[in-house]
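Summary of the model geometry
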Amino acid sequence: MQKYRYAWWRLQHWPLLVLAVITLLQAARSLLNPGVELVPLWLRLAVVAGGLLMVGILVWGIAQFFFTYLAMSDEGVGERRWPGKLKLVPWDKVQDVRNYTSLAIFKNDILVYKEIRQISGVESKEVLNFFVLSDFKGWPKGALADELHKRRPQAFKK
């Protein structure tokens, strides 16, 4: 199974990570200040709680970067978005590669595939879903693009 790692330049949550680092630095600075005993206890607890929240956000963002990947094998193509599991889609379910724009400014290439979703206990429906190819190293020029062209050339024909 060939894995393609998350591209660092596509890290979507970098403003949140920067805010987390700044908040942690300010929380540490304010708690280590010699005049901290003049600050009410409730405010010190709020700073500690905010600092812990920011540590969680920082760990989550870094873990998402290191443990998210796109995988290709003979069985199909799959994506693992941390903290979730690998979702593998058989090659015959892959439809095509499309351009997608969100919020009218963020342009992405997506790999569209069909999947079966349960509607109720007995009823299911075939729907379209997608993986964002632009989030991974090797797209649109590189090993990921070459491998996808080789394994599913029909996805690129319009």
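Refer to the structure above for everything that follows.
Here the structure is a predicted model, which means the values were calculated and not measured.

**Some remarks on the environment of Ala-46**
- With respect to the helices and strands, the residue Ala-46 is situated in helix 2 (residues 41-67).
- The partly exposed category is assigned to Ala-46, whose relative accessible area is 41%.
- Separated by 19 residues in sequence, Ala-46 and Ala-27 have C-alpha atoms that sit 9.7 Å apart.

**Some thoughts on the pattern of salt bridges**
- Across all of its chains, the model carries 10 salt bridges by this definition.
- With a closest N to O distance of 3.0 Å, Arg-81 and Glu-79 form a salt bridge.
- Looking at Arg-81, the relative accessible area reads 23%, which means it is partly exposed.
- Its relative accessible area of 11% is what places Glu-79 among the buried residues.

**Here's the deal with the sheet that holds strand 3 (residues 76-80)**
- Reading across from one edge, 1-2-3-4 is the order of the 4 strands in this open sheet, with antiparallel pairing throughout. In the strand order of this sheet, the two ends are held by strand 1 (2-5) and strand 4 (87-90), each with one partner. Sheet twist, expressed as the mean angle between neighbouring strand axes with direction ignored, is 20 degrees.
- As judged from the 4 bridges shared by strand 2 (residues 69-72) and strand 3, these two strands associate in the antiparallel manner. Pairing of Ala-71 across the sheet is with Gly-78, part of strand 3.
- Helix 3 (residues 143-151) contacts strand 1 and strand 2 of the sheet and is inclined by roughly 35 degrees relative to strand 2.

Criteria and cut-off values
- Residues numbered from 1 in each chain as written.
- Predicted model: local features only at pLDDT ≥ 70, side-chain atom pairs only at ≥ 80, totals over all residues.
- Heavy atoms only, no water.
- Helix = DSSP H or I, 4+ residues; strand = E, 2+ residues; numbered from the N terminus.
- Buried < 20%, exposed > 50% of the residue type's maximum accessible area, 1.4 Å probe, protein only.
- Salt bridge = Lys/Arg side-chain N within 4 Å of Asp/Glu carboxyl O.
- Pairing = 2+ DSSP bridges.
- Axes fitted to C-alpha atoms, helices over the stretch in contact; angles between N-to-C directions.
- Contact = heavy atoms within 4.5 Å.

Just geometry here; none of it tells us what the structure is for.
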